[in-house]
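Structure assessment
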Amino acid sequence: MTHACIHSIGCANPPQRLTRAQWIEMASSVAPKSLDRAVILRLAERSGIDGRWCASAQEVGKPAFFQADPDGYGPTTAQRMQLWASAARQMSTQACLQAIDRAQISARVITHIVTASCTGFEAPGLDAWLIENLSLSADCRRTNVGFMGCHAAVNALAIARDVILANPDAVVLVCCAEVSSAHLHYGIRLDQLIANTLFSDGSAAVIVARGDPDALPCIAGTHSILMPESASEMAWHIGDHGFEMTLGARVPEIIESHVGEWARNALAKHSLAVQDIRGWAIHPGGPRVIDAVIASLAIANESGDASRCVLQNFGNMSSATLLFILSKLFERKIARPWVGLAFGPGLAGEMLVVE
């Protein structure tokens, strides 16, 4: 029987790291004068984020990407896409090379590449750029998972699993690259201020190929849910001055109401129960999202430790974040099975079962 196994994970970030205090200064510098600085301070304190990597942070000797703007708009979408392209390429190269090295394979044996991002687009895309710059085979098959949001890593891994099960000789490179800081907003809408506070930049890559499930984490399956009457609670649209997020206050409440039953039913298909899971990778949409999932599943509070650690040290890197958390489970040799849970516009949930 063929098993689609995770052979390695590589993670990377932009060069510029901001402490919480530095982030507050950056956010305050572009905030409208009518916004009380105390609001930014409170949101930063509640975020659970101590530091983050930020491609749009000012480099020494260079002009700031985000500057005070009397019109309150900031860079155009085209300018933001230029930042995304530069940072996504840099981070993804590092993450992919790390994953390839850790898997102890040659880049030439990779047969498929699956990329995911919701913070930027171009054509030819990041997948084509990586094929050329990593010296992958020119006939490498390409798939892009675009604009799905924070859960896109699960969608990308589902594609990788399907490829391996259909073609056991395939070797799949999955790469998620997000430059959320390209979309900092200048307004005073609370949901956009929260998005400014939570999101950050990162890339993660995974090598998926057949393997021994006793020795390597095996992707047993993935599961999806669209939560009813929740479409207006989280949305992500392309505007004239960056991508614009709508983030409803009811998101944690909706997640808490639906995740428990959905997850229990999905796990039953694998002859598993919630209490059988040894490692949890909960996407940290924010501290309240982690708490909502834990409450809905009625699991121990420490089940969210890996997620809180990544949020604290890296922020919410959208689709790359779940892979950073899985990397923690991988590195710490946490016993399996594992479950990954992530949420995005829809309101949609995606679940990864690793045995």
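So, a few notes on the structure that sits alongside this text. Please read these numbers as outputs of a predicted model, since none were measured by experiment. (Residues numbered from 1 in each chain as written. Predicted model: local features only at pLDDT ≥ 70, side-chain atom pairs only at ≥ 80, totals over all residues. Heavy atoms only, no water.)

1. A look at the pattern of salt bridges
In this structure the tally under the stated criterion is 10 salt bridges. Ionic pairing is found between arginine 20 and glutamate 45, a salt bridge with its closest N-O pair at 3.0 Å. One end of the pair, arginine 20, is in helix α1 (residues 20-30); the other, glutamate 45, is in helix α2 (residues 37-46), and 25 residues separate them in sequence. For glutamate 45, a relative accessible area of 55% gives the class exposed. Notably, a salt bridge pairs aspartate 191 with arginine 189, separated by 2.8 Å at the nearest N-O pair. Using a relative accessible area of 13% as the deciding quantity, one classes aspartate 191 as buried. (Salt bridge = Lys/Arg side-chain N within 4 Å of Asp/Glu carboxyl O. Helix = DSSP H or I, 4+ residues; strand = E, 2+ residues; numbered from the N terminus. Buried < 20%, exposed > 50% of the residue type's maximum accessible area, 1.4 Å probe, protein only.)

2. Things to note about the packing of aromatic side chains
All told, the structure shown has 9 aromatic pairs when counted by the stated rule. Here the aromatic rings of phenylalanine 147 and tryptophan 236 are separated by 6.5 Å at their centres, their planes lie at 25 degrees, and the arrangement is stacked. Placement of phenylalanine 147 in the loop between β5 (141-146) and α5 (152-166) and of tryptophan 236 in strand β9 (residues 234-239) is noted, with a sequence separation of 89 residues between them. Since its relative accessible area comes to 28%, phenylalanine 147 is described here as partly exposed. A residue is classified by how much of its surface remains accessible, and tryptophan 236, at 14% relative accessible area, is buried. The rings of Phe121, Phe147, Trp236 and Phe243 are connected pair by pair, giving a single aromatic cluster. When the ring centre of tryptophan 53 is taken as origin, the NZ or CZ atom of arginine 17, which lies over that ring, is 4.8 Å away. (Phe/Tyr/Trp six-rings, centres within 6.5 Å; stacked < 30°, edge-to-face > 60°. Lys NZ or Arg CZ within 6 Å of the ring centre and 35° of its normal.)

3. Structural notes on the sheet that holds strand β11 (residues 279-282)
If you walk across this open sheet you meet the 4 strands as β8-β13-β12-β11, and the pairing is mixed. At either end of the open sheet lies a strand with only one pairing partner, and these are β8 (219-226) and β11. Strand-to-strand twist in this sheet, taken as the mean axis angle between neighbours without regard to direction, amounts to 15 degrees. Direction of pairing for β8 relative to strand β13 (residues 348-354): antiparallel, over a ladder of 7 bridges. Paired with threonine 222 across the two strands is leucine 352, which belongs to β13. (Pairing = 2+ DSSP bridges. Axes fitted to C-alpha atoms, helices over the stretch in contact; angles between N-to-C directions.)

4. A short note on the sheet that holds β5
Strand order across the open sheet formed by 5 strands is β1-β7-β6-β4-β5, with mixed pairing between neighbours. The open sheet has two edge strands, β1 (4-12) and β5, and neither has a second partner. Recorded for the sheet is a direction-independent mean angle of 15 degrees between the axes of neighbouring strands. Contacts between α5 and the sheet are confined to β1, β4 (112-117), β5, β6 (171-179) and β7 (201-210), with β6 contributing the most and set at about 170 degrees to the helix. (Contact = heavy atoms within 4.5 Å.)

5. A word on helix α6 (residues 190-198)
α6 sits mainly inside the fold: 7 of its 9 residues count as buried. Within α6, the full set of buried residues consists of Asp191, Gln192, Leu193, Ala195, Asn196, Thr197 and Leu198. Those residues of α6 hidden inside the fold are in contact with α1, α2, β3 (51-53) and β10 (242-247).

6. Concerning the packing of α2 against α6
The relative placement of two packed helices comes down to the angle between their axes together with the axis-to-axis distance. Viewed as axis vectors pointing N to C, α2 and α6 meet at an angle of 55 degrees, and their least axial separation amounts to 10 Å. It follows that α2 is oblique to α6 by the angle criterion. Crossing angle aside, the handedness with which α2 passes α6 is right-handed. Contacts from Val39, Leu43 and Ala44 in α2 reach Leu190, Leu193, Ile194 and Thr197 in α6. When its residues are assigned to classes, the contact of α2 with α6 shows 6 nonpolar, 1 polar and no charged. (Parallel < 35°, antiparallel > 145°, perpendicular 65-115°, else oblique. Left-handed = near helix turned anticlockwise from the far one by under 90°. Nonpolar A, V, L, I, M, F, W, Y, C, P; charged D, E, K, R; others polar.)

7. Quick notes on helix α4 (residues 126-133)
Residues spaced three or four apart along an α-helix face the same direction, because each turn holds 3.6 residues. Buried within α4 we find Leu126, Asp127, Leu130 and Ile131. The arc enclosing the buried residues of α4, seen along the axis, measures out at 140 degrees, which places them on a common side. Contacts made by the buried residues of α4 are with α3 (77-103), β4, β5 and β6. At the C-terminal side of α4, serine 135 shows a positive phi close to 60 degrees. (Arc of directions from axis to C-beta.)

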